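Summary of structural features
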Amino acid sequence: PSYTIALGFYGAQLDPSDILAKLNLQPSHSFSQSQSSSIKRKKIPFWSYNGQGELGFHAEWENLEEGLTFLLKILSTRKAEIITLAHQFDAVWWIGHFQSSFDGGPTLSPKLMAEISSYEIPLSIDNYFSDE
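All residue numbers refer to positions counted from 1 along the written sequence of the respective chain. Reporting in this predicted model follows two pLDDT cut-offs: at least 70 for local features of residues, and 80 or more for side-chain atom pairs to be given and counted; totals over whole chains, interfaces and linings ignore these cut-offs and use all residues. The basis for the side-chain values is all heavy atoms of the structure; hydrogens and waters are excluded.

Here we come to the pattern of salt bridges. For side chains bearing opposite charge, pairing can occur when the charged atoms are close. The term salt bridge refers to a pairing of a side-chain nitrogen on Lys or Arg with a carboxyl oxygen on Asp or Glu at a separation within 4 Å. Applying the stated criterion across every chain, the model contains one salt bridge. Between K79 and E115 there is a salt bridge, with the nearest N and O atoms lying 3.7 Å from each other. Linking K79 in helix α3 (residues 79-88) with E115 in helix α4 (residues 110-117), this pair joins segments that are 36 residues apart in sequence. Between buried and exposed lies partly exposed: a residue is buried under 20% and exposed over 50% of the maximum accessible area for its type, with that area taken using a 1.4 Å probe on protein chains only. Given a relative accessible area of 23%, K79 falls into the partly exposed group. To qualify as a helix, a DSSP run of H or I must reach at least 4 residues; to qualify as a strand, a run of E must reach at least 2; elements of each kind are numbered from the N terminus.

Following this line, the structure appears as structure tokens:
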């Protein structure tokens, strides 16, 4: 299996440039209210970060624990700001789990689960199956 990992914030009042200013992190993906006029379907503004550009970054991780540990290490100095933002907007630890067999899914150590939960943000694991 492989995994994609990101921290995301979204909400009707969210301005990605405000999140950028508060966390001093360039988003891996973002969408602002001003961009919505150029598309037909209304999208909710969002900001997400996966560690892109940092030493040791992987677009896809073979080990979920390693990927989350990598992201948490970068974000640890901004924990208070992240928790504050999570109270202002909807937030999520987003994990994409890509698998070619039904192997029981990912597991996380209790220590890592405790660290993730200390940010007061839900963890979402989306599963994708491919027989390729």
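Next comes the rest of the write-up.
It is the contact of helix α1 (residues 16-23) with α3, at a shortest axis distance of 10 Å, that shows an interaxial angle of 155 degrees. Compared by their axis directions, α1 and α3 come out roughly antiparallel. Note on packing geometry: the crossing formed by α1 with α3 is right-handed. Residues I19, K22 and L23 of α1 form the contact with α3, whose own contacting residues are E81, I82, L85 and Q88. Note that Gly is not counted as nonpolar here; it falls among the polar residues with everything else outside the nonpolar set of Ala, Val, Leu, Ile, Met, Phe, Trp, Tyr, Cys and Pro and the charged set of Asp, Glu, Lys and Arg. Taken together, the residues that form the contact of α1 with α3 break down as four nonpolar, one polar and two charged. Every angle, taken between N-to-C directions, lies between 0 and 180 degrees, and every axis is a line fitted to C-alpha atoms, over only the stretch in contact when it is a helix. Roughly parallel means an angle under 35 degrees; roughly antiparallel means over 145; roughly perpendicular covers 65 to 115; every other angle is labelled oblique. Crossings are classed by handedness, with left-handed meaning an anticlockwise turn of the near helix from the far one by less than a right angle and right-handed meaning a clockwise turn. Should any heavy atoms of two residues lie within 4.5 Å, those residues are counted as being in contact.

Of all nine residues that make up strand β1 (residues 2-10), eight are buried, and the element is covered over most of its length. Of the pairings in the sheet, the one linking β1 to strand β4 (residues 90-99) comprises nine bridges and is antiparallel in character. The residue of β4 that forms the bridge with G8 is V92. Paired strands, in this sense, are two strands between which DSSP finds at least two bridges. With four bridges connecting them, β1 and strand β3 (residues 46-49) associate as antiparallel partners. Considered in β3, the bridge of F9 is made with W47.

Turning to the environment of F57, a few remarks are in order. Following the sequence through the fold, F57 ends up in the loop between β3 and α2 (64-75). By relative accessible area, F57 is classed as partly exposed at 24%. Along the sequence, F57 and I83 sit 26 residues apart, while their C-alpha atoms lie 23 Å from each other.

Core analysis: the biggest nonpolar cluster contains 30 residues, and F9, L75 and W93 have the highest contact counts within it. Of all elements in the fold, only β1, α1, β3, α2, α3, β4 and α4 reach the threshold of two or more residues within this core. For this core, the leading source of residues is α2, giving seven residues. Discounting chain neighbours no more than four positions away, the residues touching F9 are L14, I19, L23, P45, F46, W47, I82, L85, A86, D90 and A91. Among buried residues, those of type Ala, Val, Leu, Ile, Met, Phe, Trp, Tyr and Cys that are joined through side-chain atoms within 4.5 Å constitute a nonpolar core.

With that settled, the discussion passes to unusual backbone geometry. For N24, which is not glycine, the phi torsion reads 55 degrees and is therefore positive. Summarising the element assignment, N24 is placed in the loop between α1 and β2 (29-31). For N24, a relative accessible area of 62% gives the class exposed. The phi angle at E120 is positive, at roughly 60 degrees, despite the residue not being glycine.

These results come straight from atomic positions and should not be treated as a statement about function.
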